[in-house]
Each structure stands twice: as structure tokens, then as C-alpha cells.
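# Overview (structure and organization)
The chain contents come next:
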Amino acid sequence: MGEAIVVTSGKGGVGKTTTSANIGTALALQGKRVCLVDTDIGLRNLDVVMGLENRIIYDLVDVIQGRCKIHQALVKDKRFEDKLYLLPAAQTSDKTAVQPEEMKKLIDELKQDYDYIIIDCPAGIEQGYRNAVAGADRAIVVTTPEVSAVRDADRIIGLLEKEENVEPPKLVINRIRNHLMKNGDMLDVDEVTSHLSIGLIGIVADDDEVIKASNHGEPIALNPNSKASIAYRNIARRILGESVPLQQLDSGDEGMFTKIKRFFGVRS
Amino acid sequence: MKNTQNVTIKGTKDGLTLHLDDTCSYEELKKELDRKLANTSKAQEEDRLLTVKVKVGNRYLSHGQQEELKDLIRQKRNLLVDVIETNVMTIAEAEELRQENEIVSVARIVRSGQVLEITGDLLLIGDVNPGGTVKASGNVFVMGSLKGIAHAGCNGNEQAVIGASSMKPSQLRIAGCISRAPDQLPNEDGKAMECAYISEDQQIVIDRLQTLMKIRPNLTRFEGGR
Ligand SMILES: Nc1ncnc2c1ncn2[C@@H]1O[C@H](COP(=O)(O)OP(=O)(O)O)[C@@H](O)[C@H]1O
Ligand SMILES: [Mg+2]
């Protein structure tokens, strides 16, 4: 019986889809059977980031409305030996085409066949959010170190904490720009974490390679040499229960290094 | 006619006190009150407005009955009811009083979009994040940082205060007074252990926590001891 993890944020454009794609990829690289579920109905793009757009025949709404069986709608990622699948969102319907109970039933069914179900959540706190969270066992909240994104993350965490079936959410801080953080022009990792007071499960630098990789339909986690890739792989390892120290953002900066060490000390 | 006095009037230097017997019926009481007061107002021909205190002993008076008695007494030209004192209250009123005087401790973070509202004093073991609101009919004490909105005395108690370990609110409200955060916080580190209260000129003032013991001595509930 697998576990379902919802990736959410409140605010749009902070990296939910990128995080979902890369965590899924990294878990598959670790040999887990993974199913990615795109719940951003009407604005699907997890398929594009994964490079699987051309292979879509049926979608989530087709499954829920009984037009096809689940296995017919799942798109297999050929780069992995039977490890990674995608259930794409519908592009034509809207979010109200699916109800939370239907979603939960679907996720429960997928949990029979997969180790991890990664659910990519739409922005906002309305029905799309409720659908995405309905079947989840765990939650990852993605934020950037910007005041507005952190504010929305706080709102979402408040909602997630009310979900009885979801474990306390974990935080990913994405798109960290080291020079801004160092100059105090951006919230630092410490400030964001203490403000939100939830466990940190990963920090990801802002990296042009992420955008390039997404545009080529090759999630960055497939590239072993990029810093962002290692960050996503580390998140996957932490999901699997390993204790992995946080990445050093800038090797030349002793202040940051001690900060990160302190973090690790606190969390391990 | 019975000889027992259901209504007795006593004069003190602060005004009149009406003692209303608590064993007779309410109707009987009203009748006698009417008769007695008719006599007195004839006796006292002064124009000065007199305040009266009404003591009703162990009689329970509903809100409507209290108003009725006040009206009855007010109809007598120069009498104005100051208070009605009674020894009894309903269980509901007692429960309300108990809640008003209770300190409710809550251990959590009040996050953006959340509202925590309680009756009595609030002791929050945690933070109020920006966009979050805490409300109490009494005082608000935040042991973490107060970064959102705090409303003390939300039913109108202007004596209520707000205290926080770290005072960086977006807005403070006490009873009907509102103060918004200054656009520029003067000194980040100076914001530890502060309180807010309504000053004599009806403004919300932020001050060191230690000021409270001087300006709000009633915050101390501890009685007796050494
Ligand atoms: N770590 C990163 N570094 C650089 N660009 C990123 C990073 N994470 C996400 N992005 C870019 O930010 C944009 C929004 O990301 P996306 O995952 O679609 O956000 P969401 O799903 O939350 O709306 C995309 O163009 C994506 O490539
Ligand atoms: Mg998205």
C-alpha cells in the first residue's frame, strides 16, 4: 500500500509543478513505483514538464466520469522501467468536474499499485485545492523566500493542519537566490522556517537549468550534475526517511554554512 | 391593610436607598412602591435630582422587571435609579461571569486567514502570524510573536490590555480603539516584552510590559498570601 503526497503552495508560480515532477522523478530513480497526478484541471502542465504531453489519450476527468479505466489514462514514462506514470489533468473541463470524494477514491485505488502518488495541486484554496488534498496522506508546501509567497504558504498550512488524515506538512523553500539572501534583500531560510514553524524538507536554489530542463520536458532531477537536481534528489531521500544534511548554498560563505549546519543539527 | 413594610426608604449622605422586600410578590411590591413614592415626592418639594440605590435582597429580577422598576421610580419627578443591587443571578449569568474571568490558554500558531476568538483572557502559547487574528473579551497575552491582529476587550472593555513577547502587530484593537502599526518600526530589538493599553486620551499606547502593574493593578488576581 503506497503513500499519497500532495504538493501545494497557495500562491501560483512558486514551483509546485516543478517540485512534483522532480520529486517523482527522483523517487523513481531510487527504484520506487511512482504515479504523478496532475489535479490542475484546466491549466495542466505537469505533462509538459515531464515531456509526456504527446502521449496523452485520456485524462483524470475521463477516469472519474467513467469514460475509461485508470490504466488506460496513465501515461508511462519510457525513461524508467515501468517505474513512473502520469495521470494527466483535463485541459477542457473545469475544476468543478471533480468532487473531493471521487478524488479520494481514485487516489486510494492508485495506492494499491504504486509506492508513491505525487499530487500536483493547483494554486488557490478553493475546490481545486480540496480535490488535491482529499486523498493525501502527506503534504509538501512549496514557497519561495518572498513575503507574499510565505503569507500564502502560512494560509495553506493552516488549512492542512485541519485535515485529520494528512500528516503535519513539510516545507520546501524554492528559488533561493543566495546573493539576495546574503544582503538581507530576501527572507533567509531561517526566517521563513521560523515564521512558518513546520519541518523543512528541502531548499532549492534558483537555477536557470531548471527552466531549461522543464522546457525540454526533461526534469532537472535526471541531470546528476546540477545543484537543483541534487536538491530534489535529497528531498526524495528525506521522503524515504533518510537523514540528509541540507545543501550548502554557497561554499565560500562561512556564515551560511554555519547556519545550515545549525539547521541540520536542529532537525536531525 | 397589612402592616408589614415591603418598601423602606433610607436616606444617606450619598442619596436615597430603597430596600425592597424579597418575600412579597412582585405585583404587591410594585403597588406599594407606587404608593410610597407618591407620598415622598409630595413631601419633598425640592427640584434637585436625587439618585437612588435599589436593594432587592434575594429577589431575582429579569431584565424587563429591572427596567419596569426603574421606569416606575423615574416617573417620580426627582428620582433617578443609580443601581439595582441583588444577591442572586441565574446559572447562565454566573457561567458568563465565570467565562469572562477565565484565562483560556491555547497552544498553537494562529496563521494567515485564521481567527481565534475566546471569552475571557487569552494566553496564546505560540505566534500570531500576519493575516491571523486573535480576539478576547478580556486581555490578550501572546507568549510568541504577535505579527497579525490582536483585539482585546472585544465586547467593549476599555480596561483590557494586550501583551506580547515580541510585539510586531499589523494592527491592535482594544474595545473600540484601533491602531495600525507604524510604517517604520523604530527599533527591531526594542520590541521585546511589550504591552498595549488605552491611555487617558483614548489612544492605544505601546509601552514596556512592566507599566501594566502600575496602570492596571486589577490584572493581579492573586489574593492573600505573604
Ligand atoms: N528552482 C527553480 N529555479 C529556477 N526556476 C524555477 C525553479 N523552480 C521553478 N522554476 C520556474 O518557475 C516557474 C513556475 O514554476 P511551476 O512549477 O510551474 O510553478 P507552480 O506549479 O507552482 O505554478 C516555471 O517557469 C519554472 O520553470
Ligand atoms: Mg502548476
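Here is what the cut-offs are and how they apply
Within each chain, residue numbers correspond to sequence positions counted from 1 in written order. Key to labels: chains lettered from A, ligands numbered from 1, both in the order written. pLDDT decides what is reported in this predicted model: residues at 70 or higher carry local features, side-chain atom pairs at 80 or more are listed and counted, and totals for whole chains, interfaces and linings draw on all residues regardless. Water and hydrogen atoms play no part in the side-chain values, which are based on all heavy atoms of the structure. UniProt positions are given in the numbering used here, feature names are shortened, and annotations may be inferred rather than shown by experiment. Being near a molecule or strand, for a residue, comes down to having at least one heavy atom within 4 Å of it. Whenever a nitrogen or oxygen atom comes within 3.5 Å of another N or O atom, the pair is scored as a polar contact, on the condition that within protein one atom can donate a hydrogen and the other can accept it, and that pairs from neighbouring residues in sequence are kept only if both atoms are in side chains. Secondary structure elements follow DSSP: runs of H or I of four or more residues count as helices, runs of E of two or more count as strands, with numbering from the N terminus. Two residues form a contact once any of their heavy atoms are found within 4.5 Å. Two parts placed together each lose some accessible area under a 1.4 Å probe, and adding up what both lose gives the buried area. Should a side-chain nitrogen of Lys or Arg be within 4 Å of a carboxyl oxygen of Asp or Glu, the pair is scored as a salt bridge. Gly is placed with the polar residues, together with every amino acid not listed as nonpolar (Ala, Val, Leu, Ile, Met, Phe, Trp, Tyr, Cys and Pro) or charged (Asp, Glu, Lys and Arg). Between the N-to-C directions of two axes lies an angle of 0 to 180 degrees, each axis being a line fitted to C-alpha atoms and, for a helix, fitted only over the stretch in contact. Should an angle fall under 35 degrees it is taken as roughly parallel, and over 145 as roughly antiparallel, whereas 65 to 115 is taken as roughly perpendicular and any remaining angle as oblique. Handedness of a helix crossing follows the sense of rotation of the near helix relative to the far helix, less than a right angle counterclockwise being left-handed and clockwise being right-handed. Paired strands, in this sense, are two strands between which DSSP finds at least two bridges.

Chain B is annotated in an unreviewed UniProt entry as Probable septum site-determining protein MinC of Mesobacillus zeae. In its Function (unreviewed entry) section, the UniProt entry covering chain B states "Cell division inhibitor that blocks the formation of polar Z ring septums. Rapidly oscillates between the poles of the cell to destabilize FtsZ filaments that have formed before they mature into polar Z rings. Prevents FtsZ polymerization." Taken verbatim from the UniProt record of chain B, the Subunit (unreviewed entry) comment is "Interacts with MinD and FtsZ."

Looking at an unreviewed UniProt entry, one finds chain A named Septum site-determining protein MinD, with Mesobacillus zeae as its source organism. The UniProt entry for chain A carries the following comment under Function (unreviewed entry): "ATPase required for the correct placement of the division site. Cell division inhibitors MinC and MinD act in concert to form an inhibitor capable of blocking formation of the polar Z ring septums. Rapidly oscillates between the poles of the cell to destabilize FtsZ filaments that have formed before they mature into polar Z rings." UniProt lists a comment for chain A under the heading Sequence similarities (unreviewed entry), and it reads "Belongs to the ParA family. MinD subfamily."

## What to know about the site of ligand 1
All names here are of chain A. Surrounding ligand 1, one finds 15 residues, the nearest of these being G13, K16, T17, T18 and R175. Between K16 and ligand 1, the recorded distance is 2.8 Å, taken from a backbone N or O atom to an oxygen atom. In the environment of ligand 1, a nitrogen atom lies 3.0 Å from a nitrogen or oxygen atom belonging to the backbone of A205. Elements represented by at least two residues in the shell around ligand 1 include exactly α1 (16-29), β7 (170-176), β8 (199-205) and α10 (208-215).

## Observations regarding the interface of chain B and chain A
Contact with chain B, which involves 10 residues of that partner, is made by 12 residues of chain A. Counting the surface chain B buries against chain A, the share from its top three residues, R111, S112 and P130 of chain B, is 57%. On the surface where chain B and chain A come into contact, there are two salt bridges. The partner of R111 of chain B in a salt bridge is D154 of chain A, with the nearest N and O atoms 2.8 Å apart. Counting across the interface, chain B meets chain A through eight residue pairs in polar contact (both at pLDDT 80 or more). Residue classes in the side of chain B that touches chain A are distributed as two nonpolar, five polar and three charged.

## Side note on the side chain of K30 of chain B
All names here are of chain B. Residue placement: K30 occurs in helix α1 (residues 26-43). A polar atom in the side chain of K30 sits 2.8 Å from the side chain of E68. The contact partners of K30, leaving out residues within four places of it in the chain, are E68, L69 and L72.

## Concerning the packing of helix α7 (residues 147-160) of chain A against helix α9 (residues 189-196) of chain A
Residues and elements named next belong to chain A. Contact pair α7 / α9: the axes reach a minimum separation of 10 Å and the direction vectors enclose 30°. Comparing their axes, α9 and α7 come out roughly parallel. α9 is crossed by α7, and the crossing has right-handed handedness. Of the residues in α9, those touching α7 at V150, A153, D154 and I157 are V192, H195 and L196. Split by residue class, the contact of α7 with α9 holds five nonpolar, one polar and one charged.

## With respect to the packing of helix α5 (residues 100-113) of chain A against helix α6 (residues 127-134) of chain A
All names here are of chain A. As a packed pair, α5 and α6 sit with axes 7 Å apart at the nearest point and diverge in direction by 30°. In this view, α5 runs roughly parallel relative to α6, as classed from their interaxial angle. Relative to α6, α5 is oriented so that their crossing is right-handed. Contacts between α5 and α6 involve P100, M103 and K104 on the former and, on the latter, Q127, R130, N131 and A134.

## Some thoughts on the sheet that holds strand β4 (residues 79-85) of chain B
All names here are of chain B. Spatially, β1-β2-β3-β4 is the arrangement adopted by the four strands of the open sheet, whose pairing is mixed. Only two strands of the sheet have a single partner each, and these edge strands are β1 (7-12) and β4. For this sheet the average axis-to-axis angle between neighbouring strands, irrespective of direction, equals 25°. For strand β3 (residues 50-55) and β4, the ladder comprises six bridges, and the chain directions are parallel. Residue pairing for β4: V52 is matched across the bridge by V81. The strands touched by helix α2 (residues 63-74) are β2 (15-20), β3 and β4; relative to β4, the strand with the most contacts, the crossing angle is about 150°.

## Quick look at the UniProt feature "binding site: ATP" (unreviewed entry) in chain A
All names here are of chain A. In the numbering used here, UniProt assigns the "binding site: ATP" (unreviewed entry) feature to K11, G12, G13, V14, G15, K16, T17 and T18. In contact with K11, not counting residues within four places along its chain, are K16, A123, S148, A149 and D152. Position of T18 relative to the elements: it lies in helix α1. The contacts of T18, once residues within four sequence positions are left out, are V210 and Y232.

## Here we look at the UniProt feature "domain: AAA" (unreviewed entry) in chain A
The sites that UniProt annotates as "domain: AAA" (unreviewed entry) are residues 3-161 of chain A. Here residues 3-161 of chain A runs as 40% helix and 18% strand, with 18 Å between its end C-alpha atoms.

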